[in-house]
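Topology and contacts: notes
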Amino acid sequence: MQKLVTLFLFALIVSSCGTPKANRIDDYVFKKKTEKAEYIKSYNNALKLWKVPFKEEDVQTTSGKAHVIIAGPKDAEPLVLLHGMDASSTMWYPNIEALSKNHRVYAIDFLMESGKSVASNDRLNTTEIVNWYNQIFQHYKLKKFKVVGASRGGWIATLLATQENSGISKLVLLSPAQTFESIDKKGKAMPALMLKLFPNKKKLKRTLEAFSYYPQKIDTLYKKQFYLANKYAKSNTSMLQMQPFSKDDLRKISIPVLVLIGDHDVINSDDSLEKATELIPKSKTEKIKDAGHFLTIDQAKLVNKMVVEFLD
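Residues numbered from 1 in each chain as written. Predicted model: local features only at pLDDT ≥ 70, side-chain atom pairs only at ≥ 80, totals over all residues. Heavy atoms only, no water.

1. What to know about the overall build of the protein chain
Tallying secondary structure elements over the protein chain gives 12 helices and nine strands in all. Counting all 312 residues of the protein chain, 57% fall into the buried class. A sequence separation of at least 24 residues applies to 75% of the contacts in the protein chain between residues at least 6 apart. Counting only carbon and sulfur atoms, one obtains 52% of the accessible surface of the protein chain, whose full area is about 13,900 Å². (Helix = DSSP H or I, 4+ residues; strand = E, 2+ residues; numbered from the N terminus. Buried < 20%, exposed > 50% of the residue type's maximum accessible area, 1.4 Å probe, protein only. Contact = heavy atoms within 4.5 Å. Areas by Shrake-Rupley, 256 points an atom, 1.4 Å probe, with all protein chains shown as cover.)

2. Some words on the nonpolar core
Judged by nonpolar contacts, the single largest core of 102 residues is most densely connected at Trp 92, Tyr 133, Leu 174 and Val 307. Not counting chain neighbours up to four residues away, the residues in contact with Val 307 comprise Leu 99, Val 148, Val 172, Leu 174, Leu 258 and Leu 260. (Core = buried A, V, L, I, M, F, W, Y, C linked by side-chain atoms within 4.5 Å.)

3. Concerning the pattern of salt bridges
Counted according to the given criterion, the structure contains 12 salt bridges. Between Asp 58 and Lys 65 there is a salt bridge, and its shortest N-O distance comes to 3.8 Å. Assessed through its relative accessible area of 44%, Asp 58 is described here as partly exposed. Judged by its relative accessible area of 29%, Lys 65 is partly exposed. Glu 113 serves as the salt-bridge partner of Arg 152, at 2.1 Å between the closest nitrogen and oxygen. Taken together, the residues span a long stretch of sequence, with Arg 152 in helix α5 (residues 152-161) and Glu 113 in the loop between β4 (103-108) and β5 (118-119) at a distance of 39 residues. For the residue pair Arg 152 and Glu 113, the accessibility class agrees, reading buried in each case. (Salt bridge = Lys/Arg side-chain N within 4 Å of Asp/Glu carboxyl O.)

4. Some remarks on helix α4 (residues 126-139)
For α4, built from 14 residues, the straight-helix expectation of 20 Å at 1.5 Å per residue is met to within 8% by its first-to-last C-alpha distance of 20 Å. Looking at α4, one finds that the buried residues are Ile 129, Val 130, Trp 132, Tyr 133, Gln 135, Ile 136 and Phe 137. Looking at the buried side of α4, the elements it contacts are β1 (54-61), β2 (64-71), β3 (77-82), β4, β6 (145-150) and α5. Taken from the residues just after α4, Lys 141 is the one with a positive phi, measuring 55°. (Expected span 1.5 Å × (residues − 1).)

5. Things to note about the packing of helix α2 (residues 33-47) against helix α8 (residues 220-232)
In the contact formed by α2 and α8, the axes pass within 8 Å of each other and the chain directions differ by 155°. Judged on the interaxial angle alone, α8 and α2 are roughly antiparallel. The handedness of the crossing between α2 and α8 is left-handed. Contact with α2, carried on its side by Glu 35, Glu 38, Tyr 39, Ser 42, Tyr 43, Asn 45 and Ala 46, involves Leu 221, Tyr 222, Lys 224, Gln 225, Leu 228, Ala 229 and Tyr 232 of α8 and no other residues of that element. Split into classes, the residues belonging to the contact of α2 with α8 amount to eight nonpolar, three polar and three charged. (Axes fitted to C-alpha atoms, helices over the stretch in contact; angles between N-to-C directions. Parallel < 35°, antiparallel > 145°, perpendicular 65-115°, else oblique. Left-handed = near helix turned anticlockwise from the far one by under 90°. Nonpolar A, V, L, I, M, F, W, Y, C, P; charged D, E, K, R; others polar.)

6. Some details on the environment of Thr 34
In this structure, Thr 34 sits in helix α2. Residues Thr 34 and Tyr 232, 198 residues apart in the sequence, show an inter-C-alpha distance of 10.0 Å.

7. Quick notes on the packing of helix α7 (residues 201-211) against α8
Interaxial distance between α7 and α8 falls to 11 Å at its minimum, and their mutual angle equals 110°. Considered as vectors, α7 and α8 are oriented roughly perpendicular to each other. The interaxial crossing formed by α7 with α8 has right-handed handedness. For the pair α7 and α8, contact is made by Lys 201, Leu 204 and Leu 208 and by Lys 223, Phe 226 and Tyr 227, respectively. Per-class residue counts for the contact of α7 with α8 are four nonpolar, no polar and two charged.

8. Re the confidence of the model for the protein chain
This prediction gives the protein chain a mean pLDDT of 90; 89% of its residues lie at or above 70. Low confidence marks residues 1-22, where pLDDT is under 50. Its contacts with residues over four positions away, or in another chain, come to 32 contacts. (pLDDT = per-residue confidence, 0-100.)

9. Examining a positive patch on the surface
A contiguous patch of positive charge, built from Lys 41, Lys 48, Lys 201, Lys 224 and Lys 231, is present on the exposed surface. Assignment of secondary structure puts Lys 201 in helix α7. (Patch = residues over 30% accessible without salt bridge, like charges linked within 9 Å, V, L, I, M, F, W, Y side chains within 5 Å. Lys, Arg positive; Asp, Glu negative; His and termini not counted. Charge placed at Lys NZ, Arg CZ, Asp CG, Glu CD.)

10. Description of the environment of Gly 167
Among the secondary structure elements, Gly 167 is positioned in the loop between α5 and β7 (168-174). Given the relative accessible area of 22%, Gly 167 is considered partly exposed. As for Gly 167 and Phe 137, which are separated by 30 residues in sequence, their C-alpha atoms are 9.2 Å apart.

11. Focus on the packing of aromatic side chains
In this structure the tally under the stated criterion is 15 aromatic pairs. Relative to Tyr 222, the ring of Tyr 93 has its centre 5.6 Å away and its plane inclined at 45°; by these criteria the two rings are tilted. You can see Tyr 93 sitting in the loop between β3 and α3 (96-99) and its partner Tyr 222 sitting in helix α8, a full 129 residues away along the chain. Looking at Tyr 93, the relative accessible area reads 13%, which means it is buried. Exposure remark for Tyr 222: the relative accessible area of 7% places this residue in the buried category. Chaining the aromatic ring pairs together yields one cluster made of Tyr 93, Phe 211, Tyr 222, Phe 226 and Phe 294. Over the ring of Phe 310 we find Lys 170; its NZ or CZ atom is 5.4 Å from the centre of that ring. (Phe/Tyr/Trp six-rings, centres within 6.5 Å; stacked < 30°, edge-to-face > 60°. Lys NZ or Arg CZ within 6 Å of the ring centre and 35° of its normal.)

Pasting the structure below:
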């Protein structure tokens with residue numbers, strides 16, 4: 001783990017250097033206007049994969065502008081979606097039709113990485129992260145709602161669920177990163193870090209092969225956006241705050257929780273499921289066959305069915 005942390009810190013240094021001041025913009029994530037514009041264009045193209053009506057809104061908070069994609073019936077129960085690292089809310093394209101059928105969905109771009117949210121600070125600590133999301137929930141008057149979090153979004157969802165009076169009624173964790181245990185297969189997860197350090201198409205291919213059981217299922221439009229996120233976007237130190245939750249923290253979660261991991265996940269192992277079962281009283285766990293860390297794409301139909309049944 002120490003080696004991964006060292007390499008990540010090196011990535012922070014590399015990603016913040018090498019751009020002349022004249023070309024820089026006042027943006028935490030992107031260094032150049034042209035790079036940000038290219039990424040946003042790719043983001044918009046990936047959004048075309050959402051086969052449901054949606055609208056995009058910006059919510060001003062004390063930490064910056066939150067970008068939210070909203071879909072589903074206006075009078076339906078609210079459902080918040082929290083995406084994985086460098087994935088943005090567009091990652092839900094294989095799932096949004098099923099998830100928004102009976103829910104009013106709010107997909108939120110995380111503030112400190114590539115997406116359409118824009119930070120006004122250099123970084124957020126865990127308290128500030130909770131406060132940022134609470135400001136969004138208050139804006140939409142979400143007093144009781146469900147949450148689905150994938151990968152890093154699963155860690156954030158768990159953080160929110162451990163807070164007193166969180167308002168979360170049900171929680172789904174899809175291959176949550178650093179939530180129940182540290183990275184399981186560190187060597188196999190290394191391509192993702194190398195892609196961030198030295199981005200090129202070959203390393204993208206290796207990363208997708210490591211994190212997805214069926215990388216050929218990943219749509220080309222989304223694949224391009226994910227690559228540009230790694231190529232242009234600044235790495236952020238919030239990853240270093242992501243430590244597995246303590247037994248006491250996990251025992252605070254009294255709501256129903258569904259935890260799904262893939263049988264080829266490089267981030268989680270059976271230990272994650274065992275810890276969830278042991279420490280979260282109302283937890284249900286399942287391992288998805290022929291799926292990697294990107295199980296929402298690898299086994300979208302099955303995952304959609306299990307999540308919808310749990311939420312309903």
